[in-house]
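These are the residues of each chain, in order.
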Amino acid sequence: MKLKICILWVVAFGISIGYNKLQSRDTPNRYAFFTPAEIWKDDLGNHINAHGGGILYHEGKYYWFGEHKSERSNAALVGVTCYSSSDLYTWENEGIALPVSDDPESPIVKGSTIERPKVIYNAKTGKFVMYFHLELQGKGYEAAHVAVAVGDRITGPYKLVKNGRVNAGKWPMNMTEEQRDSPVKSTDFEKWWTPQWMAAIKDGLFVRRDFEGGQMSRDMTLFVDDDNKAYHIYSSEDNLTLHIAELKDDYLDYTGRYIRVEPGGHNEAPAIFKNEGRYFMITSGCTGWDPNAARLLTAGHIMGPWTLHPNPCRGDDAELTFHSQSTFILPVQGKRNAFIFMADRWRPQNPIDGRYVWLPVLFENGLPLLTWFDKWDLSIFEQINADFPSPGR
Ligand code: GAL
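Residues numbered from 1 in each chain as written. Predicted model: local features only at pLDDT ≥ 70, side-chain atom pairs only at ≥ 80, totals over all residues. Heavy atoms only, no water.

1. With respect to the pattern of salt bridges
Right, on to step 1. One pass over the full model with this rule turns up 22 salt bridges.
Right, on to step 2. The salt bridge involving Arg314 is made with Glu364; its shortest N-O contact spans 3.2 Å. You can see Arg314 sitting in strand E17 (residues 313-314) and its partner Glu364 sitting in strand E21 (residues 362-364), a full 50 residues away along the chain.
Right, on to step 3. Look at Glu364 and you get partly exposed, because its relative accessible area is 35%. (Salt bridge = Lys/Arg side-chain N within 4 Å of Asp/Glu carboxyl O. Helix = DSSP H or I, 4+ residues; strand = E, 2+ residues; numbered from the N terminus. Buried < 20%, exposed > 50% of the residue type's maximum accessible area, 1.4 Å probe, protein only.)

Set out below in structure tokens:
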């Protein structure tokens, strides 16, 4: 009898612990919903440290890679972090995927700038390939390099393979002969931001300037299409113009085919997804750590032409993208029309306290729409997007 009571008690206690863990918002270990911009703890009880991140779904699990940030500095003092999850709410700390180096000669020496890391998987080579924005230590944002690192295991360790500018000696596919051959040089302009200068920028002034040394690459993302072709999308030309560059089959280099998107449009923080054969990109303007209004672009083909649409955000603080800046758009596995807009609410004075703003992508007349939710979960996609028409072409 005593034993029975004891067993019953243990079972009841066990159930109540399990229940509390699932229900309580404060337990660090388990969540059952998203609360944008709140502290989001990993399995160790620490606020997730994966800023400017991106997610790769692989063999039944999501892996979130991001910038490790510390209390006082935005520089890379630790490296690229990795977290894993099977439900997107609760994340396990998988440690440092790409550590910074102690070697002062290394481009990724402690104190360099490592931003917006993204990882993709190459089924042909069996390698995980990480791209990130790299700035060399002590040189501000002048290098504008992309860096490539490779890992045998998804959680790392990743090893730096190379870094540098992009597509040296190659012209964008959508720059005309006339634009390529134009004699106008950046040194012809004493002043920036005049209408003449802007017209010259649109005509490829900085593409010509950087032709030999390679195009600048700052804020960035990666995208793998249904045919397994991968693309690097980055802010180039002093952040004035986005480029989309096709990668070779091993994802380690460029094919030389690339396009300019919105010349002179000042787009940063590109995040892209594809739905029903159509491409959607959400970007930000260029105001550093301060938020601004998001932009929406669509295309029928990744290599363009791309069409600019109005700000996809609605409601309070829509003009500031709900005080955040895009970083990635995640397709939710196994659901139709289910994408999560991932953004950063930066805290440049205390970078480690930067928050994550994850919102469901809703569709209206075939175009993505973002609105604020204090709290939401994945069932929203069944309730809302199920009734939305597929995005039109
Ligand atoms: C933002 C950019 C961030 C970081 C920051 C530095 O515009 O999106 O990734 O580079 O500027 O000021």
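2. Digging into the site of the ligand
Right, on to step 1. The local shell around the ligand consists of Glu115, Arg116, Tyr141, Asp219, Glu268, Gly288, Trp289 and Gln325.
Right, on to step 2. In the model, an oxygen atom of the ligand is placed 2.7 Å from a nitrogen or oxygen of the Glu115 side chain.
Right, on to step 3. Protein contact buries 89% of the 310 Å² of open area that the ligand shows by itself.
Right, on to step 4. Here the shell around the ligand is composed, by residue class, of 2 nonpolar, 2 polar and 4 charged. (Near = heavy atom within 4 Å. Polar contact = N/O pair within 3.5 Å; in protein donor to acceptor, adjacent residues only side chain to side chain. Areas by Shrake-Rupley, 256 points an atom, 1.4 Å probe, with all protein chains shown as cover. Nonpolar A, V, L, I, M, F, W, Y, C, P; charged D, E, K, R; others polar.)

3. Observations regarding the environment of Val166
Right, on to step 1. Structurally, Val166 can be placed in the loop between strand E8 (159-164) and helix H2 (177-181).
Right, on to step 2. For Val166, a relative accessible area of 0% gives the class buried.
Right, on to step 3. Each C-alpha atom of the pair Val166 and Ala76 lies 22 Å from the other, and the pair is 90 residues apart in sequence.
Right, on to step 4. Every residue in contact with Val166, bar those within four places of it in the chain, is listed here: Val146, Gly214, Gln215, Ser217, His232, Tyr234 and Tyr254. (Contact = heavy atoms within 4.5 Å.)

4. Considerations on the side chain of Glu237
Right, on to step 1. By the secondary structure assignment, Glu237 is in the loop between strand E10 (230-236) and strand E11 (241-247).
Right, on to step 2. Within the structure, the side chain of Glu237 is placed 3.2 Å from the side chain of Thr241, a separation counted as a polar contact.
Right, on to step 3. In contact with Glu237, not counting residues within four places along its chain, are Ile201, Phe206, Val207, Gln215, Met216, His243 and Arg260.

5. Remarks on the sheet that holds strand E7 (residues 145-151)
Right, on to step 1. With antiparallel pairing, 4 strands are arranged side by side in an open sheet as E5-E6-E7-E8. Edge positions in the sheet fall to strand E5 (113-122) and E8, since each of these pairs with one other strand and no more. Strand after strand, the sheet turns through a mean of 20° between neighbouring axes, direction not considered.
Right, on to step 2. With 8 bridges connecting them, E5 and strand E6 (residues 127-135) associate as antiparallel partners. Residue pairing across strands places Ile120 opposite Val129, the latter belonging to E6. (Pairing = 2+ DSSP bridges. Axes fitted to C-alpha atoms, helices over the stretch in contact; angles between N-to-C directions.)

6. Let's talk about a negative patch on the surface
Right, on to step 1. On the surface, Glu177, Glu178, Asp181 and Asp203 cluster together into a patch of negative charge.
Right, on to step 2. Owing to a relative accessible area of 38%, Asp203 belongs among the partly exposed residues under this scheme. (Patch = residues over 30% accessible without salt bridge, like charges linked within 9 Å, V, L, I, M, F, W, Y side chains within 5 Å. Lys, Arg positive; Asp, Glu negative; His and termini not counted. Charge placed at Lys NZ, Arg CZ, Asp CG, Glu CD.)

7. Side note on the nonpolar core
Right, on to step 1. Among the nonpolar cores identified, the biggest contains 46 residues, and Trp64, Leu88, Trp91, Ile340, Trp358 and Trp376 are the most heavily contacted of them.
Right, on to step 2. The contacts of Leu88, once residues within four sequence positions are left out, are Phe34, Trp40, Tyr62, Leu330, Val332, Ile340, Trp358 and Leu378.
Right, on to step 3. The next biggest cluster of nonpolar side chains, apart from the first, holds 20 residues, and it includes Phe128, Phe132, Leu134 and Ala147. (Core = buried A, V, L, I, M, F, W, Y, C linked by side-chain atoms within 4.5 Å.)

8. With respect to the side chain of Arg345
Right, on to step 1. Checked against the element boundaries, Arg345 lands in strand E19 (residues 339-345).
Right, on to step 2. With no salt bridge to any partner, buried Arg345 finds its closest opposite charge in Asp317, at an N-O distance of 6.4 Å.
Right, on to step 3. A polar atom in the side chain of Arg345 sits 2.9 Å from the backbone oxygen of Phe322.
Right, on to step 4. A distance of 3.2 Å separates a polar atom in the side chain of Arg345 from the backbone oxygen of His323.

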